[in-house]
Each structure stands twice: as structure tokens, then as C-alpha cells.
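Residues per chain are reported as follows:
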Amino acid sequence: MIAVRTGLGWDVHRLAPGRALILGGVTIPSDLGLEGHSDADVLAHAITDAILGAAALGDIGMHFPDSDARWKGCDSLVFLRHACQLAAAAGFRLVHVDSTVILERPKLKDYRLPIRESLAAALDLPLDRVSVKFKTAEQVGPVGQRQSAEAQAVVTLAAIAE
Ligand code: C5P
Ligand code: MG
């Protein structure tokens, strides 16, 4: 078996009033929040897809369809933990996550540590293996006009030694 695998994840959700802005399991004070069937945690979804991708286990919608009432309003850290369990069953453990959230406002940098801590706990990783970065879209396009937010993630899995 190849010992190391890389996975790529991306997600987008609409921004709307009256919704919570939850990123990596952390609720961030904001006038606009993320819309979706689950809690719409765009960062958790991108990382979940990256884990599934690295293990060639499909994508988040295959495992957690938004037509399923079980996932309505669901804490997306549940998806993350489940993706890790699926990867483990396929013989891989997560060793590193890098990610970027693209959101025009609010500023997120003061929330970097709580988001990293929340993800590290959900993924059972040490803090120094969980990276979270933030970018604006320079007021350009739907993200820049605060219609949506995006997240990207790259994860590394290693084969579990027999
Ligand atoms: O997008 P831009 O390059 O202007 O972002 C500059 C810095 O602002 C980023 O490196 C990041 O630390 C921070 N940032 C943030 N919250 C955002 C977007 C960017 O804290 N929503
Ligand atoms: Mg999503």
C-alpha cells in the first residue's frame, strides 16, 4: 500500500441574516451567517471532503446526503469525526490538515486558535498539525460581495502500520 495520501476539499455556502457563522465548530459573532441543511460549517465540510478524497471514499454528500432529515441542523464536526473513522477503517490515519477560509467579513484572525483547537480535538490531532488560514476576496465576486463564503483544505493521511 502507498504509505502517504493527499486529499483536496472545497466548499461554498451562502451568507444570510439570521444564521450562525460556524467555522471549524466555533461560533463567530457576525451579522451574516452560513445557510445550509446542516450547520453549514463550510470549513468542516471542506476538511471532511479532503479526508474522504485522500482515502478515495467518495464525498460528503455520499455519506451525509442533505435529503436526510438526520443531518438537518447537524453539528458538522460529526461529519469530520465520521470521515476520520471511515479513513481509519480503510487503513489510514490523519497526520496533517491545512486549510483556508475565504470570507470578506468579519475578521477571523482572532478566532484562529479556538478554531484550530476545535478541529484538533475533533480530528484527534496535535495542534501543530492543524493549520487554518483566512483570506478576503478583495470585494470581488460573490464572496467579496458577502453573498457567500468558501473554504479549501488539503489533508495528508498515512497508512496505519500493521
Ligand atoms: O485577503 P487578504 O490578503 O487581504 O487578508 C489579509 C489578512 O487578513 C489574512 O492574512 C488574514 O490573516 C486576515 N483575514 C482575517 N479574516 C478574514 C480575511 C482575512 O482575519 N475574513
Ligand atoms: Mg457544505
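Not measured: the values here are computed from a predicted model.

Scoring rules and cut-offs
Residues numbered from 1 in each chain as written. Chains lettered and ligands numbered in written order. Predicted model: local features only at pLDDT ≥ 70, side-chain atom pairs only at ≥ 80, totals over all residues. Heavy atoms only, no water. Core = buried A, V, L, I, M, F, W, Y, C linked by side-chain atoms within 4.5 Å. Buried < 20%, exposed > 50% of the residue type's maximum accessible area, 1.4 Å probe, protein only. Helix = DSSP H or I, 4+ residues; strand = E, 2+ residues; numbered from the N terminus. Contact = heavy atoms within 4.5 Å. Pairing = 2+ DSSP bridges. Axes fitted to C-alpha atoms, helices over the stretch in contact; angles between N-to-C directions. Salt bridge = Lys/Arg side-chain N within 4 Å of Asp/Glu carboxyl O. Parallel < 35°, antiparallel > 145°, perpendicular 65-115°, else oblique. Nonpolar A, V, L, I, M, F, W, Y, C, P; charged D, E, K, R; others polar.

A. Inspection of the nonpolar core at higher detail. Formed by 43 residues in total, the largest nonpolar core has its most connected members in Leu23, Ile47, Ile51, Leu119 and Leu123. When residues of this core are assigned to their parent elements, the largest contribution, nine residues, is made by helix H1 (residues 42-54). Apart from the residues within four sequence positions on either side, Ile47 is in contact with Leu80, Val97, Leu119, Leu123, Ala153 and Val155. The next biggest cluster of nonpolar side chains, apart from the first, holds five residues, and it includes Ile60, Phe64, Cys74 and Phe79.

B. Local environment of the sheet that holds strand S5 (residues 92-102). Pairing within the open sheet is mixed, and its five strands lie in the order S4-S1-S7-S5-S6. Looking at strand neighbours, the two that pair on one side only are strand S4 (32-34) and strand S6 (130-135), the edges of this open sheet. With strand direction ignored, the average angle separating the axes of adjacent strands in the sheet is 25°. Relative to strand S7 (residues 148-159), S5 runs antiparallel, the two sharing ten bridges. If you follow Ile102 over to S7, its bridge partner there is Glu150. Each of S5 and S6 touches helix H4 (residues 112-123); the most contacted strand, S6, lies at about 140° to it.

C. Representation of the pattern of salt bridges in the model. Counted according to the given criterion, the structure contains two salt bridges. A salt bridge links Arg146 to Asp31; the nearest nitrogen and oxygen atoms lie 2.9 Å apart. Of this pair, Arg146 sits in the loop between helix H5 (141-144) and S7 while Asp31 is found in the loop between strand S3 (26-28) and S4, placing the two residues 115 residues apart along the sequence. Exposure remark for Arg146: the relative accessible area of 13% places this residue in the buried category.

D. Local environment of the packing of H1 against helix H3 (residues 77-89). At a closest axis distance of 9 Å, the pairing of H1 and H3 adopts a crossing angle of 10°. Put simply, H1 runs roughly parallel to H3. Contacts from Ala44, His45, Ile47, Thr48, Ile51 and Leu52 of H1 reach H3 at Phe79, Leu80, Ala83, Cys84, Leu86 and Ala87. Considered class by class, the residues forming the contact of H1 with H3 number ten nonpolar, two polar and no charged.

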